[in-house]
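Single-letter residue listing:
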Amino acid sequence: MKIVYQRTAFYYETDQMAIIHHANYIRWFEEARIFAMQQSGIDYAQMEKDGVLIPVLGVTCDYKSMVHFGETVDIEVKMEKYDGVRMEIRYVVRDHDSGEVRTTGSSRHCFITREGRPLSLKRRYPRYHERFAYLLGEETAEG
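Rules used throughout
Residues numbered from 1 in each chain as written. Predicted model: local features only at pLDDT ≥ 70, side-chain atom pairs only at ≥ 80, totals over all residues. Heavy atoms only, no water. Phe/Tyr/Trp six-rings, centres within 6.5 Å; stacked < 30°, edge-to-face > 60°. Buried < 20%, exposed > 50% of the residue type's maximum accessible area, 1.4 Å probe, protein only. Helix = DSSP H or I, 4+ residues; strand = E, 2+ residues; numbered from the N terminus. Polar contact = N/O pair within 3.5 Å; in protein donor to acceptor, adjacent residues only side chain to side chain. Contact = heavy atoms within 4.5 Å. Patch = residues over 30% accessible without salt bridge, like charges linked within 9 Å, V, L, I, M, F, W, Y side chains within 5 Å. Areas by Shrake-Rupley, 256 points an atom, 1.4 Å probe, with all protein chains shown as cover. Salt bridge = Lys/Arg side-chain N within 4 Å of Asp/Glu carboxyl O. Pairing = 2+ DSSP bridges. Axes fitted to C-alpha atoms, helices over the stretch in contact; angles between N-to-C directions.

Engineer: How would you summarise the packing of aromatic side chains if you had to cite specific residues and measurements?
Structural biologist: Tallied over the full model, the rule gives ten aromatic pairs. Seen from their ring centres, Phe 10 and Tyr 12 are 5.8 Å apart, and the 15° between their planes marks the pair as stacked. A residue is classified by how much of its surface remains accessible, and Tyr 12, at 63% relative accessible area, is exposed. Taking 5.2 Å as the distance between ring centres and 65° as the angle between the ring planes, the aromatic pair formed by Tyr 25 and Trp 28 counts as edge-to-face.

Here it is, written out as structure tokens:
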């Protein structure tokens, strides 16, 4: 399943060359990831209250063309892998008007307790597991 998050570039996100500073794409990935989770019925704030944390294990970002202040992009979010303990998400940033690919990237995550211990959502939090499986495109008992 692919979810699209729309984002307009702000002036404060630009650098001296008047383009979006490279570090901001990682922030955009996070915004898009949280949006995709919300669209799939996952309340990340509630997950944290339940003691589930999702640290970033790694992130990649490949820049294809520049985004400028005021431009709108569509960030495609697609769950590539999920096994209840880890997940990998792919991002494609496209110009909203032309569809031109601006940036691609990915992020890898795991699920842990507040104490930093690995956590299996499938065993401890089946309702969250079902929603993440849904993001991956797997049908669940709840549909």
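Engineer: Summarise the side chain of Arg 102; cite the residues concerned and give the values.
Structural biologist: Tracing the backbone shows Arg 102 in strand E5 (residues 101-110). Reaching out from Arg 102, the side chain makes a polar contact with the side chain of Asp 95 at a distance of 3.1 Å. Setting aside residues no more than four positions away along its own chain, Arg 102 makes contact with Asp 62, Tyr 63, Lys 64, Ser 65, Met 66, Val 67, Glu 71, Val 93, Arg 94 and Asp 95.

Engineer: Any chance you could break down a nonpolar patch on the surface for me, citing the residues and the numbers?
Structural biologist: A cluster of nonpolar side chains, namely Ile 26, Val 56 and Val 59, defines an oily patch on the protein surface of about 220 Å² accessible area. Of note, Val 59 is situated in strand E2 (residues 56-63).

Engineer: Outline the sheet that holds E2, listing residues and values.
Structural biologist: Strand order in the open sheet made by the five strands is E1-E3-E4-E5-E2, with antiparallel pairing throughout. Each end of this open sheet is capped by a strand with a single partner; those strands are strand E1 (2-8) and E2. Ignoring strand direction, the axes of neighbouring strands in this sheet form an average angle of 20°. In this sheet, strand E3 (residues 72-82) lies alongside E1 in antiparallel orientation, the contact comprising seven bridges. Pairing of Lys 2 across the sheet is with Lys 78, part of E3. Where helix H1 (residues 23-39) meets the sheet, its contacts fall on E1, E2, E3, strand E4 (86-95) and E5, and the angle it forms with E1 comes to roughly 130°. Strands in contact with helix H4 (residues 126-136) are E1, E3 and E4; relative to E3, the strand with the most contacts, it is inclined by about 115°.

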